[in-house]
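Observations on the three-dimensional arrangement
One letter stands for each residue in the lines below.
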Amino acid sequence: MADEIPEPPAGFVLTKGRGPFSTHNGPYYHRLGAGDVVEQAFYALPRHTNGIGIVHGGMLSAFTDGLLAAAVGRGTQKVGVTIHLSIDFLHMAREGDWIVGEARMSRATRDVAFADGRLHARGVDIVRASGVFKLMSRPG
């Protein structure tokens, strides 16, 4: 039986071409925005929750890591490999929530980039995060 996912928030479309890990954990959505802000979202399915019915911290962490890396990719046109990820869990998300993330790259050197972001659901911030990423050339 397929998981039912309602229409995503306004302007979000299904993201294709992600790696095997993200494809397995998704589906993920994105909204093309102007400027340097990257916006991504996912719908919390039963498989994203822990034993007490809230979205698992590991799911939120993996999603946030990809969100910040996407902001680094947009800002540098390079692949960002995580060196450090700092996450503050501020509130709970539950099955049936649309979790929306926003991130931007704050600065980059020749070899390293820094990004900050947040996740929110139901109008409440649930995660605040920052990361440091090693910059790599895109394969191919």
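First, a word on what this report is: a plain description of the structure on this page. Quick caveat, the model's predicted, so the values are computed rather than measured.

One open sheet accounts for seven strands, arranged 1-2-3-5-6-7-4; its pairing is antiparallel. Both edges of this open sheet fall to strand 1 (13-14) and strand 4 (79-89), since each of them pairs with a single strand only. The strands that helix 2 (residues 57-76) touches are strand 2 (28-31), strand 3 (38-43), strand 4, strand 5 (98-108), strand 6 (112-121) and strand 7 (124-136); relative to strand 5, the one it contacts most, it runs at about 45°.

Moving on: the nonpolar core. Core analysis: the largest hydrophobic core is formed by 25 residues, its most contacted members being Phe 42, Val 55, Leu 60, Val 72, Ile 99, Leu 119 and Ile 126. Elements that contribute at least two residues to this core include exactly strand 3, helix 2, strand 5, strand 6 and strand 7. No other element matches the seven residues that helix 2 contributes to this core. Leave out the neighbours within four places in its chain, and Ile 99 touches Gln 40, Ala 41, Phe 42, Ala 44, Val 55, Leu 60, Phe 63, Ala 93, Leu 119, His 120, Ala 121 and Ile 126. Residues Ala 41, Tyr 43, Leu 45 and Val 100 belong to the second largest nonpolar core, which totals seven residues.

For strand 3, a buried count of six out of six residues is recorded, marking the element as mostly surrounded by other parts of the structure. Both faces of strand 3 are covered, namely the face carrying Val 38, Gln 40 and Phe 42 and the face carrying Glu 39, Ala 41 and Tyr 43. As defined by bridge partners, strand 3 adjoins strand 5 across six bridges and the pair is classed as antiparallel. The residue bridging Phe 42 from the neighbouring strand is Ile 99, located in strand 5.

Attention shifts here to the layout of surface pockets. Reported here for the largest pocket is a volume of approximately 390 Å³. Along its surface, the largest pocket is lined by 16 residues, and Gly 66, Ala 69, Ala 70, Gly 73 and Arg 138 are the ones closest to its centre. Elements with a contribution of two residues or more to the lining of the largest pocket: strand 2, strand 3, helix 2 and strand 4. In terms of residue count, helix 2 provides more of the lining of the largest pocket than any other element does, five residues in total. Within the lining of the largest pocket, the residues separate by chemical class into five nonpolar, five polar and six charged.

Take the pattern of salt bridges next. Enumeration according to the criterion identifies seven salt bridges in this entry. Across the pair Arg 104 and Asp 36 runs a salt bridge, and its minimum N-O distance is 3.4 Å. With Arg 104 in strand 5 and Asp 36 in the loop between strand 2 and strand 3, this pair connects stretches of sequence that are 68 residues apart. Here Arg 104 falls in the partly exposed class, since its relative accessible area comes to 40%. The exposure class of Asp 36 is partly exposed, given its relative accessible area of 40%. Arg 110 is paired through a salt bridge with Asp 111; the nearest N and O atoms lie 3.3 Å apart. Arg 110 gets classed as exposed once you look at its relative accessible area, which sits at 68%. Among the charged side chains, a salt-bridge network with shared partners connects Glu 102, Arg 118 and Asp 125.

Bringing helix 2 into the picture now. An α-helical turn contains 3.6 residues, so a residue and the one three or four places further along point in the same direction. Taking 1.5 Å as the rise per residue, helix 2 with 20 residues should run 28 Å; its terminal C-alpha atoms sit 28 Å apart, in good agreement. Within helix 2, burial applies to Met 59, Leu 60, Phe 63, Thr 64, Leu 67, Leu 68, Ala 71, Val 72, Gly 73 and Thr 76. Gln 77, located one to two residues past helix 2, shows a positive phi value of around 60°.

Reading the values: rules and limits
- Residues numbered from 1 in each chain as written.
- Predicted model: local features only at pLDDT ≥ 70, side-chain atom pairs only at ≥ 80, totals over all residues.
- Heavy atoms only, no water.
- Pairing = 2+ DSSP bridges.
- Helix = DSSP H or I, 4+ residues; strand = E, 2+ residues; numbered from the N terminus.
- Contact = heavy atoms within 4.5 Å.
- Axes fitted to C-alpha atoms, helices over the stretch in contact; angles between N-to-C directions.
- Core = buried A, V, L, I, M, F, W, Y, C linked by side-chain atoms within 4.5 Å.
- Buried < 20%, exposed > 50% of the residue type's maximum accessible area, 1.4 Å probe, protein only.
- 1 Å grid on protein atoms, 1.4 Å probe; cavity = no way out; pocket = protein on both sides within 12 Å on 5 of 7 lines; lining within 4 Å.
- Points joined across faces, edges and corners; volume = space filled by probe spheres on them.
- Nonpolar A, V, L, I, M, F, W, Y, C, P; charged D, E, K, R; others polar.
- Salt bridge = Lys/Arg side-chain N within 4 Å of Asp/Glu carboxyl O.
- Expected span 1.5 Å × (residues − 1).

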